[in-house]
Structure formats: structure tokens, C-alpha cells
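Overview (structure and organization)
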Amino acid sequence: MLISRDTPATVSPVNPEITPENISQWLPGTFPGDMAIEPLEITDEVAIGRMVVDKRHLHPGGFVHGGVWTAFGDSVAAWATFRNLPPNHDFTTIELKLNVFAAGVLGDELICEARPLHVGRSTAVIEAKIAKGEKPVANLIVTQFVLPGRDPRAERPAPGDYPPGD
């Protein structure tokens, strides 16, 4: 894997408090929570999430909707981004590219692994690979715009504000 020289793999952890347990506390009532996207592992190198396909994830033809693939990969990529943000920063997705290699159906267990390819001062690029068992089924490249000066009045906790309410 090519890593830019400013990738967090070369520096100490920025937000070690971004963990599956802390993200799970924040998920209820959010879009990823409503989509039943579960965090399994979050380290400086990888974020891993799980989604079991149910009826809400399907388009009328009975296969996983393109927006669901996108939401799943983008959500797990977000956890990798949160883990690597500088203090008092936030982000928003500005571009993503999705390729789906196989259809998803009711009951499928999908696992997404998201890894930073580049984390810089103004952008982060994350690759999110989705698999069904050992079989790769989708790939996303997600570009995040890193935003300094996070508004402290924001309703959701910022990295470092976990658990919420403390």
C-alpha cells in the first residue's frame, strides 16, 4: 500500500478514544445507526464495520440498494477519518467512488474494512473494501475535506468528547 509521508502511520495516535464502544454509544438516532451499521474494530490503521442485510437495505428488485453500499462504506470510512483527525477538527465527505462487484441479498453479512491512504491538513483519502465472507463485493475510495475550528455547539460529540455527555 502506498502511504503519503503525512499519513498517521508515521506519527503517534491522534484520537485513540475513537473506539467501537464509543462509536456505538453515539450511533443511536444517527443515519448509520438507523442503517444497522455496527463498529467492530477501530485502530489507527483500520476501521471495520458490519452490516447484516435486512429489508430496509433492499431496492424493489430484492438486491442491496446502491445508496446502502455507499452509506456502509462511507460510514466505516468516517470512523477511520475520526481516528486520524487533528484536535478540534471535523470533516465532510466531498467525493467518493463506488464499485460493486456482486449483488447483496437479504441475510448477507457484509464486512467493511476502511484504511487511510492519505491524511493531510486539508484532505483525507480512505479506501473502504466490503466483503461477503472471503469474497470482495464492493470497493469505495472516499475523499474527506478536513475542517478546522469545529463549532463547539455542534449537537454530536467531537473526537475527544467520548462518551457523550461527559
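Residues numbered from 1 in each chain as written. Predicted model: local features only at pLDDT ≥ 70, side-chain atom pairs only at ≥ 80, totals over all residues. Heavy atoms only, no water.

Read across the sheet, 6 strands follow the order β1-β2-β4-β5-β6-β3 without closing on themselves; strand pairing throughout is antiparallel. Edge positions in the sheet fall to β1 (38–42) and β3 (89–100), since each has one partner strand and no second. When the angles between neighbouring strand axes are averaged without regard to direction, this sheet yields 25 degrees. As judged from the 4 bridges shared by β1 and strand β2 (residues 47–52), these two strands associate in the antiparallel manner. Directly across from Pro39, in β2, lies its bridge partner Gly49. (Pairing = 2+ DSSP bridges. Helix = DSSP H or I, 4+ residues; strand = E, 2+ residues; numbered from the N terminus. Axes fitted to C-alpha atoms, helices over the stretch in contact; angles between N-to-C directions.)

What follows deals with unusual backbone geometry. Although it is not a glycine, Ala36 adopts a positive phi angle of roughly 60 degrees. By the secondary structure assignment, Ala36 is in the loop between α2 (31–34) and β1. The class for Ala36 is partly exposed, based on a relative accessible area of 24%. (Buried < 20%, exposed > 50% of the residue type's maximum accessible area, 1.4 Å probe, protein only.)

With that settled, consider the nonpolar core. By size, the foremost hydrophobic cluster in this structure holds 34 residues, and its most contacted members are Phe72, Val76, Trp79, Leu110 and Ile130. For this core, the secondary structure elements donating two or more residues are α1 (20–26), β2, α3 (66–84), β4 (109–119), β5 (123–132) and β6 (135–148). Broken down by element, this core gets its largest block of residues, 9 residues, from α3. Discounting chain neighbours no more than four positions away, the residues touching Trp79 are Ile18, Ile23, Leu27, Ile37, Glu38, Pro39, Ile42, Ala47, Ile48 and Gly49. (Core = buried A, V, L, I, M, F, W, Y, C linked by side-chain atoms within 4.5 Å. Contact = heavy atoms within 4.5 Å.)

Here we take up the pattern of salt bridges. What the rule picks out here adds up to 6 salt bridges. Ionic pairing is found between Arg56 and Asp54, a salt bridge with its closest N-O pair at 2.7 Å. Residue Asp54 is classed as partly exposed on the basis of its relative accessible area, which comes to 24%. Several salt bridges converge on common partners, so that one network encompasses Glu38, Arg50 and Glu109. (Salt bridge = Lys/Arg side-chain N within 4 Å of Asp/Glu carboxyl O.)

Right, let's talk about the packing of aromatic side chains for a bit. Evaluated as defined, the whole model comprises 2 aromatic pairs. With a centroid separation of 6.2 Å and an interplanar angle of 85 degrees, the aromatic rings of Trp26 and Phe82 are classed as edge-to-face. Of this pair, Trp26 sits in helix α1 while Phe82 sits in helix α3; the two residues are 56 residues apart in sequence, bridging distant segments of the chain. For the pair formed by Trp26 and Phe82, the shared burial category is buried. Considering the side-chain rings of Phe82 and Phe91, the 5.0 Å spacing of their centres and the 75 degrees angle between planes classify their relative orientation as edge-to-face. The exposure class of Phe82 is buried, given its relative accessible area of 3%. Residue class for Phe91 comes out buried when judged on its relative accessible area of 13%. Put simply, the rings of Trp26, Phe82 and Phe91 pair up and form one aromatic cluster. (Phe/Tyr/Trp six-rings, centres within 6.5 Å; stacked < 30°, edge-to-face > 60°.)

So, about the confidence of the model for the chain. Low pLDDT marks regions whose predicted coordinates should not be analysed in detail. Across the chain, pLDDT averages 86, with 82% of residues at or above 70. Between the elements of the chain, mean pLDDT differs from a low of 91, seen in α1, to a high of 98, seen in β2. Contacts from residues 1–11, a stretch scored under 50 in pLDDT, to residues over four places away or in other chains number 17 contacts. (pLDDT = per-residue confidence, 0-100.)

With respect to the helices and strands, the residue Asn99 is situated in strand β3. Between the C-alpha atom of Asn99 and that of Leu140, which follows or precedes it by 41 residues, the distance is 6.5 Å. Here Asn99 is in contact with Val137, Ala138 and Asn139, once residues within four sequence places are set aside.

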